[in-house]
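Summary of structural features
Each chain, letter by letter, is given below.
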Amino acid sequence: MKIKIAALALAFAAVLGSGCKKNTTTVTTPSLGGLWMSAQPQFVEYGEEQEFRVYIDDIYVSDNTDPGTMGVYWQVTGLQRDTTTRDVDKSNPPFYFTPEKQGTYTVTVNLFALNGKYYNATASVSFQAIDPYTAMDGMEGTTEVISFDDYEQEMFTAPIGEHTWMCQNLYTEEPVGRAYQDCDVVEDLFGQYYSWEEAQTICPDGWRLPTAAEFDEDLGTDAGDLMVKARFLDVEMWPYWPEVTITNETLFNAIPVGYMDLATSTQARGYKEYAAWWTSDTIKEGEDNLGVYRYIYCEDPEIKKGKGSKQSLALSVRCVKE
């Protein structure tokens, strides 16, 4: 019986002890939201000044109070700069930064209320600064100076089959082609993307778009004969697949820069998976008149045939000499 009484006494004491604790209230600090930064290209040329903007027009506080005057600071890989905010314009003055060497950079902006009552809001963008003259290596063959309307370009060319082919994807200074992920710095490395309609007239004087038959007769069916072991930023562009033997025997220099679906965006898809080029041919399919193209898929050893919208599908272009 004594044991039972002792246990009961302990339990009663525990209840009394818990009842003596003070009530505590958790205070949640409101947070800032709605901060966003201007878009930044994935690749830029090192040594060129970059502009960054932060927009605070849509800033809100989680408890719907007014945050008052806010401050903002920028940070770039250890570099930090301060400026002021809302009492200037609602949108802050731009921040400028020049990457002095090649590499990956992350620019972060931190927004805070000067009264210290709110959690900070942050946003960031990352990009790579490159040297476009050394960023890609492994392209093979000889180059030729090709004349456009009022300028010249040096491009890889080679005799393949019955024609002389451009052996790198076409890029021009005309305002029709699209750069990979809007990065102008890689246009002469990756080429530009064109709709079928644009491709029909984009080749320079003395050159033209090949027919599907010319593509097949000159280049054959072996994808590996067209693919080159090029490296971009020291990484091989074509991933390894045991079914595919890359020889670039034709010196065509095919690289997998993908394609664009202009119906949804101008962002490239299929990078490191697909290489695709328009021909001058069309094919009727129901009520649609489609453009004909040839393409390579990274894990398939054969050159494939395709057809797509003349307006919304954007592919690479290779021209043949007339």
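Look up a bit, the structure's there.
Since this is a predicted model, take the numbers as computed values, not measurements. (Residues numbered from 1 in each chain as written. Predicted model: local features only at pLDDT ≥ 70, side-chain atom pairs only at ≥ 80, totals over all residues. Heavy atoms only, no water.)

This paragraph deals with the pairing of strand S14 (residues 152-160). With six bridges connecting them, strand S13 (residues 142-147) and S14 associate as antiparallel partners. Its bridge partner lying in S14, Glu144 is registered against Met155. Following S13, the chain reverses through four residues before pairing antiparallel with S14. (Pairing = 2+ DSSP bridges. Helix = DSSP H or I, 4+ residues; strand = E, 2+ residues; numbered from the N terminus.)

Right, let's talk about the packing of aromatic side chains for a bit. Summed over the entire model, instances satisfying the criterion amount to 24 aromatic pairs. Here Phe52 and Phe127 contribute two aromatic rings whose centre-to-centre distance is 6.0 Å and whose plane-to-plane angle is 35 degrees, an arrangement assigned as tilted. Of this pair, Phe52 sits in strand S4 (residues 50-52) while Phe127 sits in strand S11 (residues 121-130), placing them 75 residues apart in sequence. For the pair Phe52 and Phe127, a shared accessibility class is recorded, and that class is buried. Through a chain of ring-to-ring contacts, three or more aromatic side chains come together here, namely Phe52, Trp74, Phe95, Phe97, Tyr105 and Phe127. When the ring centre of Trp196 is taken as reference, the NZ or CZ atom of Lys310 above it lies at 4.2 Å. Lying across the ring of Phe252, Arg318 places its NZ or CZ 4.1 Å from the centre. (Phe/Tyr/Trp six-rings, centres within 6.5 Å; stacked < 30°, edge-to-face > 60°. Buried < 20%, exposed > 50% of the residue type's maximum accessible area, 1.4 Å probe, protein only. Lys NZ or Arg CZ within 6 Å of the ring centre and 35° of its normal.)

Right, let's get into helix H4 (residues 212-219). Owing to its 3.6 residues per turn, the α-helix aligns residues three or four sequence positions apart on the same side. Residues Ala212, Glu214, Phe215, Asp218 and Leu219 constitute the buried set of H4. End-on view of H4: buried residues confined to an arc of 165 degrees, all on one side of the axis. Close packing links the buried residues of H4 with S14, strand S15 (163-166), strand S17 (207-208), strand S21 (274-285) and strand S22 (288-297). Two residues or fewer past H4, Gly220 is found with a positive phi of approximately 75 degrees. (Arc of directions from axis to C-beta. Contact = heavy atoms within 4.5 Å.)

For the rest of this paragraph, the subject is the sheet that holds strand S16 (residues 194-195). Within the open sheet, the three strands sit side by side as S16-S24-S20. Their pairing is antiparallel. The open sheet has two free edges, formed respectively by S16 and strand S20 (260-261), since each of these has just one partner strand. Where S20 lies against strand S24 (residues 313-315), two bridges are found, and the strand directions are antiparallel. Bridge pairing in S24 places Met260 opposite Ala314.

Moving on, we get to the state of the cysteines. For the structure on display, the rule yields one disulfide. Bridging Cys203 to Cys319, the disulfide has an S-S length of 2.1 Å. For the disulfide bridge between Cys203 and Cys319, the dihedral angle about the S-S bond is near -90 degrees, and by the sign convention the bridge is left-handed. Separated by 116 residues along the polypeptide, Cys203 in the loop between helix H3 (196-199) and S17 and Cys319 in the loop between S24 and strand S25 (320-321) bring together distant segments of the chain. The class of Cys319 is buried, set by a relative accessible area of 0%. (Disulfide = S-S within 2.5 Å.)

By size, the foremost hydrophobic cluster in this structure holds 26 residues, and its most contacted members are Leu35, Met37, Phe52, Trp74, Val107, Val109 and Leu111. Looking at this core, the elements with two or more residues in it are strand S7 (70-76), strand S9 (95-97), strand S10 (103-113) and S11. For Phe52, the contacting residues outside a window of four places in its chain are Met37, Ser38, Gln40, Trp74, Pro94, Phe95, Phe97, Val107, Val125 and Phe127. (Core = buried A, V, L, I, M, F, W, Y, C linked by side-chain atoms within 4.5 Å.)

This part covers a negative patch on the surface. On the surface, Asp149, Asp150, Glu173, Glu174, Asp205 and Glu322 cluster together into a negatively charged patch. For Asp205, the position within the fold is in the loop between H3 and S17. Residue Asp205 is classed as exposed on the basis of its relative accessible area, which comes to 67%. (Patch = residues over 30% accessible without salt bridge, like charges linked within 9 Å, V, L, I, M, F, W, Y side chains within 5 Å. Areas by Shrake-Rupley, 256 points an atom, 1.4 Å probe, with all protein chains shown as cover. Salt bridge = Lys/Arg side-chain N within 4 Å of Asp/Glu carboxyl O. Lys, Arg positive; Asp, Glu negative; His and termini not counted. Charge placed at Lys NZ, Arg CZ, Asp CG, Glu CD.)

Bringing the environment of Asp218 into the picture now. Along the polypeptide, Asp218 turns up in helix H4. By relative accessible area, which is 10% here, Asp218 ends up buried. When neighbours within four sequence positions are excluded, Asp218 is seen to be in contact with Ile160, Gly161, Glu162, His163 and Trp165. Within the structure, Asp218 has its side chain in polar contact with the side chain of Trp165 (distance 3.1 Å). (Polar contact = N/O pair within 3.5 Å; in protein donor to acceptor, adjacent residues only side chain to side chain.)

Functional significance is not addressed by these values, which are geometric in nature.
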